[in-house]
Every structure is written in structure tokens, then in C-alpha cells.
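Observations on the three-dimensional arrangement
Read off the chains here:
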Protein chains: 2
Amino acid sequence: MTSQPLARAGGERQRDADRTKAEILQVAQREFARHGYAGARVDEIAERTRTTKRMIYYYFGGKEQLYIAVLEKAYTEVRAAERTVDVAHLAPVEAIRTLAELTFDHHDAHRDFIKLVGIENIHEAEHIRKSEVLANLGTPVLDLISRILDAGQESGDFVTEADAIDVHMMISAFCFFRVANQHTFGALFGRDMTAPEHRARLRTMVGELAVAYLRGAGAPA
Amino acid sequence: MTSQPLARAGGERQRDADRTKAEILQVAQREFARHGYAGARVDEIAERTRTTKRMIYYYFGGKEQLYIAVLEKAYTEVRAAERTVDVAHLAPVEAIRTLAELTFDHHDAHRDFIKLVGIENIHEAEHIRKSEVLANLGTPVLDLISRILDAGQESGDFVTEADAIDVHMMISAFCFFRVANQHTFGALFGRDMTAPEHRARLRTMVGELAVAYLRGAGAPA
DNA sequence: CGAAACTAACTCACTGGTTCGTACATTACA
DNA sequence: TGTAATGTACGAACCAGTGAGTTAGTTTCG
């Protein structure tokens, strides 16, 4: 009873199909993130959808292609979010600090994506490599960091001659680890890094870390 | 023909069993690290061993118990290695720098362990929690860091009032990420963080990062 | 216009291979 | 002789993937 067959105009079938595909992708993302590639069950995904397993094969072709489609969607969304970042108008120190905190927030908000990245690394990125969409998805963040680094050198705020990829790596590492490894870290050290009482402190810390490094304070005396 | 039955003395059977168990654990670690928990195959493990699948069930009880045994062995070895670290005789700045570099080397040398940690986090540490051995395996590293931090405050080298767990987390994050995420990072940014031409620079960087942070250079001007 | 041909979306029932785990017989040994 | 260790074969569930046909819109064309 969701729609009256007689009233359905031209493009509705197509729109239904798109909606179904989107629903499958969403459910599949959850299933893959929760159980890993091998642990995910196509039947389970089908059951949590308004469609059937047959349709998953009809639309995506197979489990692996579905998984790749999930990765493509997740990565694409992340890149889209990154493009909205604008810190160019800030002074170098504030720009880096803000970028670090935005990265922190971003990781905090996209737990499933973090897990997919972790899963993909266990498989040594074999699926990402099969995707043409993701093949050369360099990121604008690197350009941004480069520009901030140059400005900082120019102004004298930054002393360390840092590499943009290294800086991006460092910030990502901190933010990624906090979310991805929260469970084993919590089990071993009795601290939930994602708990509210630690969140704000760690968020500030990642910015200070980046700034301290770029100011050159770590070099041997 | 590996041993003469008639010449075998008392404890040899036991020693054979221990050796077989150890062999199973080693092969299983590899299999689990490569394919994840669900992706690992008990038959595959058995085939790569001088034993049969029957013996795996005889010794360990099941796939999950075998996996937990692998985790216990891996974590125990890591902790044993950590206990050999001695930087207490160094000045605070050098102690932190050395500790960071040792952590770096350690992650660099134990790729399978890194993968197991990643896998365990995907499963939200459900298996670690089932293990009594690993339940409260706090680490001596925290005490070490605490002492270094105190000494640094005392001597005036460190200005930031840092938390030992946070510092450990930061260093681990950097080292862990470089190894664990090398594949997706490489695919997206075209740089292999584990390649020789980047290794030394990043190794130095993690020490400088920690020192710069503790010296308080990241605080707002 | 209206029927027939066409096509996308969808259902149902099924299969072949895989995979964890075990029953049972057998051997080595104290 | 009794107990621990081991080999062989098998079963039952699971699970990715498919064959074959149906429904309902869309296009073509007399």
C-alpha cells in the first residue's frame, strides 16, 4: 500500500529501484562493518531489507561486488565531506589546529567507515584495488595541508620542514586509533577512549600535538 | 622415522604434544591474521601442520578457543618484550624519544600481531573479554611512562601536564597506524609508509612528536 | 488509438560445494 | 589392561549463487 500502481508515473520504477539499491547498500555497510567480509552474510543483508537475496545478485552481481560498492559509497561520502572544509582564511597555527579537530570529529562520527577501513586493511586493500572508482582518489586535504605548511614557514610559525602526507598521516593515526582500537585498548588499559570524559581532552590534544611538532619543539636540543 | 619408539623416555610424549600445540598455534596465528576470524579455515590450519584437524579439536576444543589461544600467546609475547625495555637511566627527553622508537620498531617487527589486534577490534574485543589470561593485563609501560613524565616535570624539561595513558596512546596510534593502514593509505595517497625510504624519517618523527608535545609547544600562544 | 513486442523488476525453489565439528575405530604406551 | 593419543570417515548445517519463470510498465507500429 505504499503507492497506488495505477497512479505511478514514468520514472517511478526507476526511483524504486534506486531506493532499493540504496537500502541494500546501507544495510550491507552495517553488516560488513560488524562482521567483516567473510563474516557478513548475504542472506542476513537480504532479510534486513525489503528485498530478497535474488535482487542483491540482480543489482550487484555478487557478495564481493556488493562489498566494493559499499566501500565506494563510504569513501565517496567521506571525500565529499572533506571538500567542505575551509580553513584557508585562518592563520597557520589555527588552521592546523582546526583541521586536526575536524578530522577528530569526522572519525568520531563515522564509526562504520572506520571499521570498513580496518577490514579492508586486513585484506591488504585487495578490494579497493579492484575498484576503478577508488583507484586514484587522491585527496584535496593534502593540498590544503601543503598550503598551510607553506604559510606557516613563511610567517615563521612553523620551523619543522614537514611533509604534508606525514602530517596528514599523524593526525589520521591519532583519530583513527582512538576509535578503531577502542575495544582492545579499553580491555587492556581499562579506559574507554571514546567516553565523554576523555573525548574533549583528546580532541584538544591532537591539535596541540600537530602544532607542537610543526613549531619544531621536538628537535634535539 | 623422526624418533625411535623404543628409546623414548618418559617426558618425550609430553614434549611432542607441546611442540605440536606450539606448531598449531603458530600456523593458526598466520591463518587468522591473514583471513580474519570468520575467513580462517580450520582445515587449512590443519593442512599446514604436521598434525590433523582432529588434533586441533583434541588440544584446543574448537575454532574459537584456538583463536583465543592465539591471542593469548601473541599478547603474552608482546608483554614479555615490553618488560625488557629499560630507559630508566636516560634523561626524560631521551627516555621518551627512545621509548617511542622502541615502540616503532616493535610494531614494525610484529605485523601479524598488529593484524590480530585489528581483527579483534572489528569484533569489538569479544574474544579478549572471554579470556581470563588477558582480562586484566595492565602493562608495565604505563608505570614507565609515568616515571619519565614525573622526572621530566621535575627537571623542567616537560611543561605539559600529560596523562601517561594519553602519551602511550599517542605513540601507539602513530606506530600502529603506519603498519595497520599501510594498504589503504598506500592505495589512496600513493605512498607506502612501510617502505625503506620512509621508515627512518617516520621513526624519528614519532619521537619528536612526543617530545614536542610534552615540552608544551602546542599550547595556544 | 490499441495491441503486440519488449524489457526491467521481481519471486520461488533449488543446488553444489564448503566447513565446523564428531563418532568410531585404532594405535602407542605406562 | 587401561588410558591417552591419533587416523579415518562422515554428517549436518550453512551459504553463496542460479535457473526458470512472472508481473508490470514502456515502446513500437499497424
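Worth saying up front: this structure is predicted, and the values here are computed from it rather than measured.

Parameters at a glance
- Residues numbered from 1 in each chain as written.
- Chains lettered and ligands numbered in written order.
- Predicted model: local features only at pLDDT ≥ 70, side-chain atom pairs only at ≥ 80, totals over all residues.
- Heavy atoms only, no water.
- Contact = heavy atoms within 4.5 Å.
- Buried area = accessible area lost by both parts, 1.4 Å probe.
- Salt bridge = Lys/Arg side-chain N within 4 Å of Asp/Glu carboxyl O.
- Polar contact = N/O pair within 3.5 Å; in protein donor to acceptor, adjacent residues only side chain to side chain.
- Helix = DSSP H or I, 4+ residues; strand = E, 2+ residues; numbered from the N terminus.
- Core = buried A, V, L, I, M, F, W, Y, C linked by side-chain atoms within 4.5 Å.
- Buried < 20%, exposed > 50% of the residue type's maximum accessible area, 1.4 Å probe, protein only.
- Least-squares fit on C-alpha atoms with pLDDT ≥ 70 in both.
- Axes fitted to C-alpha atoms, helices over the stretch in contact; angles between N-to-C directions.
- Parallel < 35°, antiparallel > 145°, perpendicular 65-115°, else oblique.
- Nonpolar A, V, L, I, M, F, W, Y, C, P; charged D, E, K, R; others polar.
- Domains from an automatic or database assignment.
- Expected span 1.5 Å × (residues − 1).
- Phe/Tyr/Trp six-rings, centres within 6.5 Å; stacked < 30°, edge-to-face > 60°.
- Lys NZ or Arg CZ within 6 Å of the ring centre and 35° of its normal.

1. Observations regarding the interface of chain A and chain B
Opposite the 63 residues of chain A that make contact, chain B presents 63 residues. In total, about 5300 Å² of surface goes out of reach between chain A and chain B, with carbon and sulfur atoms giving 67% of it. Between the two partners, chain A and chain B, sit 8 salt bridges. Between Glu124 of chain A and Lys115 of chain B there is a salt bridge, and its shortest N-O distance comes to 2.9 Å. On inspection of chain A and its partner chain B, the count reaches 20 residue pairs in polar contact (both at pLDDT 80 or more). The greatest single-element share of the side of chain A that touches chain B, amounting to 12 residues, is contributed by helix H9 (residues 164-180) of chain A.

2. What about the nonpolar core?
Most often, soluble globular proteins have nonpolar side chains that are buried together. Core analysis: the biggest nonpolar cluster contains 137 residues, and Phe32 and Leu66 of chain A together with Phe32, Leu66 and Phe174 of chain B have the highest contact counts within it. Residues within four places of Phe32 of chain B in sequence aside, it is in contact with Tyr37, Ala40, Ile45, Lys63, Leu66, Tyr67, Val70, Leu116 and Ile119 of chain B.

3. Quick notes on the relation of the copies chain A and chain B
Mapping chain A onto chain B calls for a screw motion: a turn of 180° about the axis and a shift of 0.0 Å along it, with 0.1 Å RMSD after fitting. The relationship between the two copies is best expressed as a two-fold rotation axis. Mapped onto chain B, 100% of the interface residues of chain A again fall at the interface, so both copies present the same surface.

4. Details of the packing of helix H6 (residues 111-122) of chain B against helix H9 (residues 164-180) of chain B
All names here are of chain B. As a packed pair, H6 and H9 sit with axes 10 Å apart at the nearest point and diverge in direction by 100°. When the axes of H6 and H9 are compared, the pair comes out roughly perpendicular. Of the residues in H9, those touching H6 at Arg111, Ile114, Val117 and Gly118 are Phe176, Val179 and Ala180. Residues of the contact of H6 with H9, tallied by class, amount to 5 nonpolar, 1 polar and 1 charged.

5. Topic: the domain arrangement of chain A
All names here are of chain A. Domain boundaries assigned for chain A yield domain 1 (1-61) and domain 2 (72-214). Placing a centre on the C-alpha atoms of domain 1 and another on those of domain 2 gives a separation of 32 Å. With 7 residues of domain 1 at the contact, the number on the domain 2 side is 9 residues. Summed over both partners, the interface of domain 1 with domain 2 comes to about 700 Å²; 64% of that surface belongs to carbon and sulfur atoms. Interface area lost by domain 1 to domain 2 is led by Gln29, Ala33 and Tyr37, which between them contribute 67%. Applying the counting criterion to the domain 1 and domain 2 interface returns 0 salt bridges. On inspection of domain 1 and its partner domain 2, the count reaches 0 residue pairs in polar contact (both at pLDDT 80 or more). A breakdown of the residues in the side of domain 1 that touches domain 2 according to their chemical character gives 4 nonpolar, 2 polar and 1 charged.

6. Digging into H6 of chain B
All names here are of chain B. Helix length check: H6, at 12 residues, gives a terminal C-alpha distance of 17 Å against a target of 16 Å (1.5 Å per residue), a fit within 8%. Counting buried positions over the 12 residues of H6 gives 10, a clear majority of the element. Restricting attention to buried positions, one finds in H6 the residues Phe113, Ile114, Lys115, Leu116, Val117, Gly118, Ile119, Glu120, Asn121 and Ile122. Just downstream of H6 lies Glu124, where phi reads positive at about 55°.

7. Points about unusual backbone geometry
Although it is not a glycine, Ala125 of chain A sits at a positive phi angle of roughly 60°. Within the secondary structure, Ala125 of chain A sits in the loop between helix H6 (111-122) and helix H7 (126-130).

8. Digging into helix H4 (residues 63-83) of chain A
Its 21 residues place the ends of H4 of chain A 31 Å apart at the C-alpha level, agreeing with the 30 Å of an ideal helix rising 1.5 Å per residue. Turning to H4 of chain A, its buried residues are Leu66, Tyr67, Ile68, Ala69, Val70, Leu71, Glu72, Ala74, Tyr75, Val78, Arg79 and Glu82 of chain A.

9. A word on the environment of Arg201 of chain B
Counting through the fold element by element, Arg201 of chain B comes out in helix H11 (residues 196-214). Distance in space between the C-alpha atoms of Arg201 of chain B and Ala38 of chain B is 37 Å, their sequence separation being 163 residues. A polar side-chain atom of Arg201 of chain B sits 2.6 Å from a polar atom in the side chain of Asp166 of chain A.

10. Digging into the environment of Ala74 of chain A
Residues and elements named next belong to chain A. Looking at the secondary structure, you find Ala74 in helix H4. A relative accessible area of 4% places Ala74 in the buried class. For the pair formed by Ala74 and Asp112, sequence separation is 38 residues and the distance between their alpha carbons is 8.9 Å. Sequence-distant contacts of Ala74, defined by excluding residues within four places in its chain, comprise Gln29, Phe113 and Leu116.

11. Side note on the packing of aromatic side chains
Tallied over the entire structure, the rule returns 16 aromatic pairs over all chains. An angle of 75° between the planes, with centres 5.6 Å apart, marks the rings of Phe176 of chain A and Phe177 of chain B as edge-to-face. One end of the pair, Phe176 of chain A, is in helix H9; the other, Phe177 of chain B, is in helix H9, on a second chain. Across the pair, Phe177 of chain B and Phe176 of chain A agree in class, each one buried. The ring of Tyr37 of chain A is capped by Lys63 of chain A, whose NZ or CZ atom sits 4.9 Å from the centre of that ring.

12. Let's talk about the pattern of salt bridges
All told, the structure shown has 35 salt bridges over all chains when counted by the stated rule. Note that Asp105 of chain A is salt-bridged to Arg199 of chain A, the shortest N-O span being 3.4 Å. In this pair, Asp105 of chain A is assigned in helix H5 (residues 92-109) and Arg199 of chain A in helix H11 (residues 196-214), connecting sequence segments 94 residues apart. Overall, Arg199 of chain A belongs to the partly exposed group, its relative accessible area being 27%. Put simply, Glu94 of chain B and Arg97 of chain B hold a salt bridge, and the shortest N to O gap is 3.2 Å. Here Glu94 of chain B and its partner Arg97 of chain B are both found in helix H5 (residues 92-109), 3 residues apart, which amounts to about one turn of the helix. Overall, Glu94 of chain B belongs to the partly exposed group, its relative accessible area being 37%.

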